[in-house]
Structure formats: C-alpha cells, structure tokens
Amino acid sequence: MERGEEIMMDVKSAEEAKQDVAYSTALKELIFQLADDDFLISFRGSEWLGLAPHIEEDVAFSSITQNTMGHAFMFYQLLEDLGEGEIDVLAHERHSDMRRNGIYLEKRNGDGNYLDEPYYDWALTVVRNFLYETFKKVKLEAVTKSSYKPLANIAGKVLMEQPYHLAHWKIWMKQLLNSTEEARERIEARLNEAWEEFGDVLEYGSKATEMEHFGLIMGEDELKERWLNEVSKTIENLPSGSLGKKYGSGREGEHTEDLDQALATLSEVYMSDKEAIW
Amino acid sequence: MMPISQRQVEIRAVLKTVDDPELPNVSVADLGMVHEVFVNEGAVSITMIPTFAGCPALDFIKKNVKTAVEEMAWVESCEVHFSFEEKWSTDAITGEGKRQLKKHGIAPPPENYRPGEEWTVDCPYCGSDYTSMENVFGPTACRSILYCTSCRNPFEAMKPVVDYVIN
C-alpha cells in the first residue's frame, strides 16, 4: 500500500469486517489495546478500594474503576463478536505475551500488596490516571471516526462518561502541584518516571500502518501530538526530553513481572472454578 | 414508520412496570432505556439503550424485561438486547421518571447541561437551590452525592450525561 492513500469505507458489522483478513487483523489489534489498557488500569484502581486517602475519594475512585471496567467489557465484547473467543476467556485466560496494554499501566501501585502492608503511592496513581485518561480521551475521539462503525459507536458512548473521570484526575493533579513542597516534589518525581515509561502507551504496535491505512484511527504521530498538547494544558513544566519505553512495548506483547502478578491476582477466583455462574 | 400496533402499545405499558433494580419505582421505560419494540405474531424483540457502560444492573434489567413481557398471554418469546447505535442521555428521562426519582430523594439531572461544565440541582426534598456538590461520584455510576444547606439533608442526583461533541 502507498502512504497517503485513503481507503474510504464503512464497515457496519463484525461479519463484514471478517471478510477482509488484513482489515480485521488490524482492527482486532487496535481493540485489544483499548480493552487491555482499560482492563489493567481499572484492576490497579480496584486494588485501592478501602485504601484511598479519604472516604469520598474511595467512593469516587471505585466508581471510576467500575465504569472503566465496563468500558473494557464493551471492547472485549467487540472482540468476541469478531470471533476472538468469549469475554471471560479474553479477560482472564490470555497469557501475558498476548496482552497489548501499555507497560506503564500494569505497574504496581507501590510496595507491598493489597492484603498485607499496602504501601501504595498516591502520587503514582494521580500521575498515571491523569496521563492515561487524557490519552484515552484523544484516542477515543480519533476512534469515533473509525471505519468500523461498531467501534466508533462504543467510543462515542464511552466519551459521554469519561469526561467525569478525566476531570477528577485533573483536579487532583492541579491541587497537588499547587500544594505543599512535598506534594509537588512527589508528583514531579512520578512525572519524570512516567516520561521514561509512557512511550509505548502512545504507540499502535506492529499494525500501526494498517490501522491508519484502513481508516481505523489517525496516525500515531498526530495522536501523540494531541496528547502532549492536552497534557501541557494542565501541567506547565513537563519533563524535558522525549518519552521513553524503559521496559519495552506492551503493544508488541512485551511486559514486566508486574503484569503476571496482576493477572494471577485478578483471575484467581475465576480460575478456581471456570464453570461457576455468577 | 409503521403504525404502532395494539400489541406494541400493550408491551410499552408493561415496560412501564419494570423498575430499574437500583431505582425503585422508576421504570426502565421512564428512564428512556427502551428504544424499539418489534412484534411478529407471538415473537417480541426489544432493543434497549444501556445507561452507564459499567452499570452492573444491565443484566438484571434485561432479564426482568424478558420475564415481564413473556408473562403476557399472547407472547410466546421475547428477545432483549442492548444497542450502542443509539446513545442514552439523561435528557431521555420522562417527566414521570423525574417525579418518581424525586420521591426517592434523587434529584433529576439538570437540563441543558454541557459536558465538562459544573452543574447544580435543586433539593428534591425542599426545593431549595442552596445546595452543594459533595461528590460527583456516588453509590452507582449514574448518581452523584449532594447536600442541601437549607433543609440539611444529604441527597443524590442523576449525573447528567449528554452527547459528546468533539471540538
């Protein structure tokens, strides 16, 4: 295919998408990213339940987390419709090298674990969720124009709910940056860390060219620029230098031990009895 | 559009009796969740519009709608599915839905809401506008927690959700 060549088409159903192998392969790759990103960040969010800084934050964060898990569910549903297997299997049984989430999103909340001495870091959580929700906004806005209509519809639906999530983390970010010296330093340290690790979240992986070619989403560079622009509206002094991929690319199936830990925890009950009806 | 048959009218009436499991006495019809009703002899097919994506009540709603419709004498089977082609917004809640919400201490969503803007509602108990937002997130995805400084009651409000315009 040639660069700049535009293929205008409208794919209205999974059946139609399946007719073209190249198209459906790129499409599924994109949806796996959307699904796995939401799934992992909401799992890390769920680990905070009962531990958030104050009671109203516990209500807010768990509500955001539950709703984000609902978004992951809708994306997995699209994959089920495209013949990738059942939702529960997609969420619970895929090995880590099949996962397409950005590596930064699987990162542990801090030292310790949920049941025993959870020394979680709120600065990491604020920075991660703010950067991610900003990214989710620009990526989904791009996806509303996708050639695959069932995906474009879901993106539009998610975007009606997601502004509440983004607004929430924006407030935390602004307030902590303008708070005490310690608060600002903690946020800035986590921002510098994020700058070394967030790179792959902004990428599309091995099918990037096809995704753009088939009109599934705008190009990677443009998306990245939009994200940076949005982020800089809230944070005046962004870390200098370009974004890194310290641990590789989750879009290519590369992951850290933190993902194995997350998958083992989140699928523990499911694995104990796969036939159970809830 | 095809004329609405007597049978469709009957089904719509039944849907006014199926309540949201988390909002007692507020029917799924009054919440604006019913999109289309198809009738083919005894086979009924209902397309519904989900409220919030992460709402765990959707499965119960689906089941309750199916059960209620299948209890009708002439109905042999009823299929219910959720569609994302139409987008639910809080503007779809009917006047009756709003009245029932208030009865349960839940203020209806503000009108003419624009995404991202701050919003306020009157107290569902005393009607005062001297209220403040405690938490935009509440016990369910669709609700927020507020406080009325006038009658000193905490109350909830349906969180406004409207179509998203991309700049």
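Per chain, the residues get numbers from 1 upward, laid out in the order the sequence is written. The naming scheme follows written order: chains are lettered A onward, ligands numbered 1 onward. Given that the model is predicted, a residue must reach a pLDDT of at least 70 before its local features are reported, and side-chain atom pairs must reach 80 or more before they are shown or counted; all residues, however, enter totals for whole chains, interfaces and linings.

Taking an unreviewed UniProt entry as the reference, chain B is identified by name as Phenylacetate-CoA oxygenase subunit PaaJ belonging to Halalkalibacillus sediminis.

Within an unreviewed UniProt entry, the label attached to chain A reads Phenylacetate-CoA oxygenase subunit PaaI, and the organism entered is Halalkalibacillus sediminis.

Student: Before we go on, may I ask you to explain the overall build of chain A in this structure?
Tutor: Counting its regular elements, chain A contains eleven helices and two strands. Secondary structure elements follow DSSP: runs of H or I of four or more residues count as helices, runs of E of two or more count as strands, with numbering from the N terminus. Helices and strands in chain A line up, N terminus first, as α-α-α-α-β-β-α-α-α-α-α-α-α. The globule rule used for comparison is 2.2 Å times the number of residues to the exponent 0.38, while the radius of gyration itself is calculated over C-alpha atoms. In terms of overall dimensions, chain A is globule-like: its C-alpha atoms have a radius of gyration of 19 Å, near the 19 Å expected for 278 residues. Dimensions of chain A, computed from C-alpha atoms along their principal axes, come out at roughly 55 × 45 × 30 Å. In chain A, which comprises 278 residues, the proportion classed as buried is 43%. What counts as a contact is two residues whose backbone-derived C-beta atoms lie within 7 Å of each other. A separation threshold of at least 6 residues defines the contact pool for chain A, and within that pool the share at least 24 residues apart is 77%. Exposure criterion: with C-beta atoms placed from backbone coordinates, a residue whose C-beta has 20 or more other C-beta atoms within 10 Å is buried, one with 12 or fewer is exposed, and one in between is partly exposed.

Student: What exactly am I supposed to notice about the interface of chain A and chain B here?
Tutor: It is common to report an interface's size as the accessible area lost on association of the parts. If you look at the interface, chain A gives 25 residues, while chain B gives 20 residues. Elements with a contribution of two residues or more to the side of chain A that touches chain B: helix 3 (55-81) and helix 6 (149-177) of chain A. A per-element tally of the side of chain A that touches chain B places helix 3 of chain A first, with twelve residues. When residues are sorted by character, Ala, Val, Leu, Ile, Met, Phe, Trp, Tyr, Cys and Pro go into the nonpolar class, Asp, Glu, Lys and Arg into the charged class, and all the rest, Gly among them, into the polar class. Class assignment for the residues of the side of chain A that touches chain B results in twelve nonpolar, nine polar and four charged.

Student: Any chance you could explain the sheet that holds strand 6 (residues 106-107) of chain B here in plain terms?
Tutor: To summarise the sheet geometry, strands pair through backbone hydrogen bonds and adopt either a parallel or an antiparallel arrangement. All names here are of chain B. Whether two strands pair comes down to DSSP finding at least two bridges between them. If you walk across this open sheet you meet the four strands as 6-9-8-7, and the pairing is mixed. Two strands lie at the open edges of the sheet, namely strand 6 and strand 7 (131-135), each paired on one side alone. Relative to strand 8 (residues 143-148), strand 7 is paired through four bridges, and the arrangement is antiparallel. Opposite Met-133, over in strand 8, you have Leu-146 as the bridge partner.

Student: Looking at this model, I keep getting lost on helix 2 (residues 21-46) of chain A. Mind explaining?
Tutor: Every α-helix winds through 3.6 residues per turn, so residues three or four apart in the chain are directed the same way. One less than the residue count of a helix, multiplied by 1.5 Å, gives the span that helix is expected to have. Compared with an ideal rise of 1.5 Å per residue, which puts 26 residues at 38 Å, helix 2 of chain A spans 37 Å between its outermost C-alpha atoms and is within 8% of the ideal. Here helix 2 of chain A lies mainly inside the structure; 20 of its 26 residues are buried.

Student: When you look at the UniProt feature "domain: PaaD zinc beta ribbon" (unreviewed entry) in chain B in this model, what are you seeing that I'm missing?
Tutor: UniProt positions are given in the numbering used here, feature names are shortened, and annotations may be inferred rather than shown by experiment. Look at the UniProt record and you will see "domain: PaaD zinc beta ribbon" (unreviewed entry) annotated at residues 108-159 of chain B. As annotated, residues 108-159 of chain B has a helix share of 0% and a strand share of 33%, and its two end C-alpha atoms lie 8 Å apart.

Student: Please clarify how the packing of helix 5 (residues 122-143) of chain A against helix 6 of chain A should be interpreted in this entry.
Tutor: Two quantities define a packed helix pair, namely the angle between the helix axes and the distance between the axes. Residue and element names in this part refer to chain A. Every axis corresponds to a line fitted to the C-alpha atoms, with the helix fit spanning only the stretch in contact, and the corresponding angles, defined between N-to-C directions, vary from 0 to 180 degrees. Packing of helix 5 against helix 6 brings their axes to within 8 Å, and their N-to-C directions diverge by 150°. The pairing of helix 5 with helix 6 is recorded here as roughly antiparallel in orientation. The interaxial crossing formed by helix 5 with helix 6 has left-handed handedness. Considering only residue class, the contact of helix 5 with helix 6 consists of 14 nonpolar, four polar and five charged. An angle below 35 degrees is read as roughly parallel, one above 145 as roughly antiparallel, one from 65 to 115 as roughly perpendicular, and any other as oblique. Left-handed describes a crossing in which the near helix is turned anticlockwise from the far one by less than a right angle; the clockwise case is right-handed.

Student: I would appreciate a short explanation of the domain arrangement of chain B in the present structure.
Tutor: Assigned domains within chain B: domain 1 (6-82) and domain 2 (106-158). Segment limits for the domains were obtained from an automatic or database-derived domain assignment. Between the C-alpha centres of domain 1 of chain B and domain 2 of chain B the distance comes to 28 Å.

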